[in-house]
Amino acid sequence: MTNSSDEVTSEVVVSVQPDYPRRGIVRQAITAVLSFLLVAVPGTLGGLFFLDPILRRKKSGGNSDSGAVQARKDSEGYIRLDVTRDAIPADGTPVSVTVFDDIDDAWNRFSNVPVGSIWLRRGTDGVVSAFNSICPHLGCSVNFRRAENDFFCPCHTSAFGLDGEKTNQIPPRGMDSLDVSLRTAGETDSNGSEIWVRFCNFRRATAEKIEIQ
Amino acid sequence: MKMLIDWMDDRVGIRGMLHEALYERVPGGARWRYVWGSTLVFTFLLQVITGFMLWSAYSPSTRTAWESVYFIQHEMFLGSIIRGLHHYAAQAMVVLMAIHLVQVVIDGAYKAPREVNFWLGIVLMMIVLGLSLTGYLLPWDQKGYYATQVTTNIMSVTPIVGAEVQTLAQGGNEYGHLTLTRFFAMHAGLLPASLVAFLALHIMVFRRHGLTVHDEKHAPDTTFWPDQVLKDAVACLAVLTAVLALAVLRPAELSAPADPAVKFDAARPEWYFLFLFRFLRFQAVEALGLTFGAIIVPGVIMGIIAVMPITARLLGNFGHFLNRAFIWLMAAGVVALTVLAAWEDANDSDHQAALAESHRDAKRAIELASGPDRIPVDGAVSLLRRDPFTQGPRLFAQHCSSCHRWNGHDGRGSLIRDAVADGAIGEAPYTLPVAADLGNFGSRDWMNGIVTDYSEHFRWIQNAGWYQDAVQRSADGEEVEFLNPAGSEMADWTSGMTESLLAEENSGNLKALIEFLASEAGHAQQEFDPALVELGRQLAIDGNWAGDLEGTSCAGCHDTIGEPFPETPDDSNASGYPTMAGYGSAAWLKDFIRHPDADRHYGSRNRMPAYGSDQLTDADLDLLVRWMTGDYSPTEVADYPNQLARLNAGLAGGTTTEAPAAAAAEE
């Protein structure tokens, strides 16, 4: 088995014998540089293109939300929900609500589509809190368990209290609360019944709550 | 022929090549234990062939990926077989790779001078795992979507570059079209190309060092062709038979189209990653941070495997012993965790319910996609969003199931249980329903229940707190208005008239009345006998019964019976009795859910909360009502099984909970 390798080496040795003049070194250097460029230029361009998700600056379109969304979204990104404060159970039982918005996905704009679901809850003090239902651990969906009266993710068993605080060691942080604004006819009013929520997603798996832009 | 071969040989050296490829020496004879590498090469070839074919029909984007995979699987000629082969061969590859690795380690085939080839093998293993990871997402179904979310989120905890790695893999900050195009480019382009390159190196270096032979005297020496090739071929054929059988008998699953707004409770990784999944469920592991459990531990394990040649070199035979011990330990750990995860899931009723829902959604999505309207441009996901059969149960579970039940369950197939009491063992008892079971709402059964045994029909109401309170208050002499299945005019009518109603003399009449009432509800997908309906109508309005019932008509109290439910209902004609106009129909039901307390319905006797549009949007109400009245495209998907018998048995005392006192006494 080792003989075969000997044969290979001897062949190679034979081919690199000739006695070239000195200008051969320059020629070799130029050839090496040119060959390198031939690989490096397309390779670099391709590599940079692949980094587009990090490097891209251009952003087409704008915030021209579709009519359906425009009518219930303000300049700060708060979206009015169909559900009102009075419609949330007074006993603190959370309700699940689907949030609709326009989303841009690469070359498409999808108008007025479900973008996520949130848990809404009215505390005994009347304060409405909202949580993104995506588990901050690894991105599965958090559910309300009626029997245990808590929030629970069926993937890796992350558990949270109804206040969103984590109750076991699995998730890195509590559930992601969302900014809620109570309003009356669109005007901020702490006793208002309209619920406006600034919906966003957050990075998973971090102890810190970092919004995904 | 010989001339042709000579001609080729002169030009490309075909004889030498063939000789080198086929007549490699096999010391100690051909053996079954050498087949694993060949089965892997074969499986990869199978993946290339089926993969190219799938590629020719697959379209990566969030509105076409599921759709094209559906089309491959359910419409194209042999599509199910090709996809099934690809699906199962991918799993076979992981299994064969694990066997190959374990064998290389126990046979010491990783030791000098084969270290580099061992490392090439590890690179190949990473590429294969990369292929299985990227492939899992491509169908863009709920299963792949949520499982891959977990993986890309794990990437993000890689120290320093995690966030960027995740963004690059996803093609942006969130999943979208570009996630698919990039995953697809990886899956069908970069990774297979790298695999071919590394496989060529792997085989080249393997040929350089030859087989690792332990027992040269096992049998006389032979050559690769034909002795070992025969054994390899038989092994490959066995693999092919297995994956083909699986593809035919258990077609690859395609779950419902991915929807980020729909919670998916049945999320699990592909089975060969279950051990990692289970590992991350240990609180002790998570307490050390996700990076520790998901990155560092697997990284260290891979590291230990990668340095095995060095371990063996430094420590000699003891090193080899350590390596073997480690690989067996790992294998045992992987098997144990996989079994544990599967066992836990099998015994987790919540997970089983989530799985049942996932299968129901999947079948329904496929049914709708192959329906007369096909898939709209906004994707199959919109089919399910607009489908009463899919959304109804969820809406019922969310809005209705805290009081009502649907055939005993919460609408989504789960029995509702009380909270587990402190110190109790086992599952908590079933929660008592406090309002009617609506599983047969509007059907002949339902109507029959109301007419012949009103008290029994609405018996669940008596469990409600408000009911017991009202009974108490009226016993104390207070004037309380409430619905009372045990003692109301309707209850008295049915109990007073039961004998005559059920007597021979009225049997035909009763049947006609039921037919009429059910036809008034007019649920979809049902046929009614017009003659019976007409007879029933006369009975209801004119009361031409036989015997004691003669002259008693429904219309005597429910004066609007037989009329269609008004388009703009109001209480101007309320008689004090619930309106029977279009009773049980979609129009009646919508109005009742919005205004159960209106005088035309239960008025002041009502205790059901009114569901305004701020609680239940018009669109959701429409979906809920259409589901309850059977108004959706016909389905062959099996619905959730009826759980009434289980509920009744459970409530009758067959609870699985031991009293806290008894549990305490045992300790």
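Residues numbered from 1 in each chain as written. Chains lettered and ligands numbered in written order. Predicted model: local features only at pLDDT ≥ 70, side-chain atom pairs only at ≥ 80, totals over all residues.

## What to know about the overall build of chain A
Threshold: By definition, any uninterrupted DSSP run of H or I lasting at least four residues is a helix, any uninterrupted run of E lasting at least two residues is a strand, and each is numbered from the N terminus. Counting other C-beta atoms within 10 Å of a residue's own tells you its class, since 20 or more makes it buried, 12 or fewer makes it exposed, and anything in between is partly exposed; those C-beta atoms are placed from the backbone. Note on contacts: each residue gets a C-beta atom placed from the backbone, and two residues are in contact if those atoms are within 7 Å.
Each helix and strand in chain A was counted, giving four helices and ten strands. From first element to last, N terminus to C terminus, chain A shows the α and β order α-α-α-α-β-β-β-β-β-β-β-β-β-β. Scored against the burial criterion, the 213 residues of chain A give a buried share of 26%. Pairs at least 24 residues apart make up 46% of the contacts formed inside chain A by residues separated by at least 6 positions.

## Here's the deal with the overall build of chain B
Basically, it comes down to this: Only C-alpha atoms enter the radius of gyration; for comparison, a globular chain is expected to reach 2.2 Å times N to the power 0.38, where N is the number of residues.
What chain B contains, in helices and strands, is 28 helices and two strands. Here the C-alpha radius of gyration of chain B, 34 Å, is well above what a compact globule of 667 residues would show, namely 26 Å. For chain B, the spread of C-alpha atoms along the principal axes amounts to about 110 × 70 × 50 Å. Among the 667 residues that make up chain B, the fraction classed as buried is 38%. Partitioning the intrachain contacts of chain B with sequence separation of at least 6 by distance along the chain shows that 70% fall at a separation of at least 24.

## A closer look at the environment of glycine 413 of chain B
Residues and elements named next belong to chain B. You can see glycine 413 is positioned in the loop between α18 (388-399) and α19 (444-452). With 280 residues separating them in the primary sequence, glycine 413 and leucine 133 have C-alpha atoms 32 Å apart. Leave out the neighbours within four places in its chain, and glycine 413 touches Ala353, Ala356, Glu357 and Tyr640.

## So, the nonpolar core
One recurring pattern in soluble globular proteins: nonpolar side chains tend to sit buried together. What counts is decided by this rule: As used throughout, a nonpolar core is a set of buried Ala, Val, Leu, Ile, Met, Phe, Trp, Tyr and Cys residues joined through C-beta atoms within 7 Å of each other.
Among the nonpolar cores identified, the biggest contains 112 residues, and Ile118 and Val197 of chain A together with Met93 of chain B are the most heavily contacted of them. Examining the composition of this core, we find that twelve residues originate from one element, helix α5 (residues 79-106) of chain B, more than from any other. The contacts of valine 197 of chain A, once residues within four sequence positions are left out, are Tyr78, Ile79, Leu81, Val99, Ile118, Ala130, Leu178, Asp179 and Val180 of chain A. Core analysis: the next-biggest nonpolar cluster, separate from the first, contains 41 residues, Ile514, Tyr583, Phe592 and Tyr611 of chain B among them.

## Some words on the domain arrangement of chain B
Note: interface size is frequently given as the accessible area lost on complex formation between the parts. How we decide: Domain boundaries shown here were taken from an automatic or database domain assignment.
Here chain B is partitioned into domain 1 (2-267), domain 2 (350-434 + 646-666) and domain 3 (444-607). The C-alpha-based centres of domain 1 of chain B and domain 3 of chain B are spaced at 66 Å.

## Considerations on the pairing of strand β8 (residues 177-184) of chain A
Residue and element names in this part refer to chain A. Put simply, the rule is: One bridge is not enough; two strands pair if DSSP finds at least two bridges between them.
Sheet analysis places strand β4 (residues 128-132) next to β8, joined by two bridges and oriented antiparallel. Bridge assignment links alanine 130 to a residue of β8, and that residue is leucine 178. Sheet analysis places β8 next to strand β10 (residues 194-198), joined by five bridges and oriented antiparallel. By the bridge assignment for β10, arginine 183 is matched with glutamate 194. Alignment of β8 against strand β9 (residues 187-188), held across two bridges, turns out to be antiparallel. Looking at β9, one finds that threonine 184 is bridged to glutamate 187. Between β8 and β9, which pair antiparallel one after the other, the connecting turn spans two residues, and alanine 185 there sits at a positive phi close to 50°.

## Structural notes on the packing of helix α3 (residues 35-55) of chain B against helix α10 (residues 224-249) of chain B
Residue and element names in this part refer to chain B. The condition that has to hold: Convention adopted: a line fitted to C-alpha atoms gives each axis, helices being fitted over their contacting stretch, and angles between N-to-C directions are expressed from 0 to 180 degrees. Angles below 35 degrees are treated as roughly parallel, those above 145 as roughly antiparallel, those between 65 and 115 as roughly perpendicular, and all remaining angles as oblique. Left-handed describes a crossing in which the near helix is turned anticlockwise from the far one by less than a right angle; the clockwise case is right-handed.
It is the contact of α3 with α10, at a shortest axis distance of 9 Å, that shows an interaxial angle of 50°. Accordingly, the angle class assigned to the pair α3 and α10 is oblique. Crossing angle aside, the handedness with which α3 passes α10 is right-handed. Taking contact as the criterion, the partners of Val35, Ser38, Thr39, Phe42 and Thr43 in α3 are, on α10, Lys231, Asp232, Ala235, Cys236 and Val239.

## Some words on the interface of chain B and chain A
In plain terms, the rule: Residues are sorted three ways: Asp, Glu, Lys and Arg are charged, Ala, Val, Leu, Ile, Met, Phe, Trp, Tyr, Cys and Pro are nonpolar, and all the rest, Gly among them, are polar.
Opposite the 48 residues of chain B that make contact, chain A presents 42 residues. Contributing elements (two or more residues each) for the side of chain B that touches chain A: α7 (142-155), α8 (162-170), α9 (177-209), α12 (283-287) and α16 (349-369) of chain B. Its residues assigned to classes, the side of chain B that touches chain A shows 18 nonpolar, 19 polar and eleven charged.

## Details of the pairing of strand β3 (residues 108-122) of chain A
Residues and elements named next belong to chain A. Direction of pairing for strand β2 (residues 95-105) relative to β3: antiparallel, over a ladder of ten bridges. Along β3, the bridge assignment pairs serine 96 with tryptophan 119. Counted along the chain from β2 to the antiparallel partner β3, the turn is two residues long, and its residue alanine 106 has a positive phi close to 50°.

## What to know about the sheet that holds strand β5 (residues 143-145) of chain A
Residues and elements named next belong to chain A. The strand order across the open sheet built from three strands is β5-β6-β7, with neighbouring strands paired in antiparallel fashion. The open sheet has two edge strands with one neighbour each: β5 and β7 (159-160). Relative to strand β6 (residues 150-152), β5 runs antiparallel, the two sharing three bridges. The residue bridging asparagine 143 from the neighbouring strand is phenylalanine 152, located in β6.

## Quick notes on the confidence of the model for chain A
Formally: The predictor attaches a confidence to each residue, and that confidence, scored 0 to 100, is pLDDT.
Per-residue confidence for chain A gives a mean pLDDT of 86; residues scoring 70 or more make up 87%. A low-confidence stretch, residues 1-12 of chain A stays under pLDDT 50, and its non-local contacts, those more than four residues away or across chains, total three contacts.

## Thoughts on the packing of helix α6 (residues 115-137) of chain B against α9 of chain B
Residues and elements named next belong to chain B. The N-to-C vectors of α6 and α9 enclose an angle of 160°; their axes lie 9 Å apart at closest approach. It follows that α6 is roughly antiparallel to α9 by the angle criterion. Crossing of α6 over α9 shows left-handed handedness. Residues of the contact of α6 with α9, tallied by class, amount to 16 nonpolar, nine polar and no charged.

## Here's the deal with unusual backbone geometry
Note the cis peptide between alanine 112 of chain B and proline 113 of chain B, where omega equals 5°. Of note, proline 113 of chain B is situated in the loop between α5 and α6. The residue after tryptophan 225 of chain B, namely proline 226 of chain B, is reached through a cis peptide bond having omega 0°. Along the chain, the position of proline 226 of chain B falls in helix α10. Of note, the phi angle at alanine 205 of chain A is positive, near 70°, even though the residue is not glycine. Mapping alanine 205 of chain A onto the fold places it in the segment after β10. With a phi angle near 55°, tryptophan 140 of chain B is a residue other than glycine that sits in the positive phi range. Here tryptophan 140 of chain B lies in the loop between α6 and α7.

## A word on the environment of isoleucine 79 of chain A
All names here are of chain A. For isoleucine 79, the position within the fold is in strand β1 (residues 78-84). Once the C-alpha coordinates of isoleucine 79 and proline 114 are considered, the two residues, 35 residues apart in sequence, prove to be 12 Å apart. If near-sequence neighbours (up to four positions away) are discounted, isoleucine 79 is found in contact with Arg72, Lys73, Val99, Asp101, Trp196, Val197 and Phe199.

## Remarks on the confidence of the model for chain B
Residues and elements named next belong to chain B. Looking at chain B, pLDDT values average 91 and 97% of them are 70 or higher. Taking the mean pLDDT of every element in chain B, the minimum, 36, falls on helix α28 (residues 660-666) and the maximum, 97, on helix α4 (residues 65-74). Overall, residues 655-667 carries pLDDT values under 50, and its contacts beyond four positions in sequence, including any with other chains, amount to 21 contacts. Listed scores for the predicted complex are pTM 0.89 and ipTM 0.86.

## A word on the environment of alanine 147 of chain B
Residues and elements named next belong to chain B. With respect to the secondary-structure elements, alanine 147 resides in helix α7. For the pair alanine 147 and alanine 267, spaced 120 residues apart in the sequence, the C-alpha separation amounts to 6.0 Å. Ignoring anything within four residues of it in the chain, the contact list for alanine 147 reads Tyr136, Ala267, Arg268 and Pro269.

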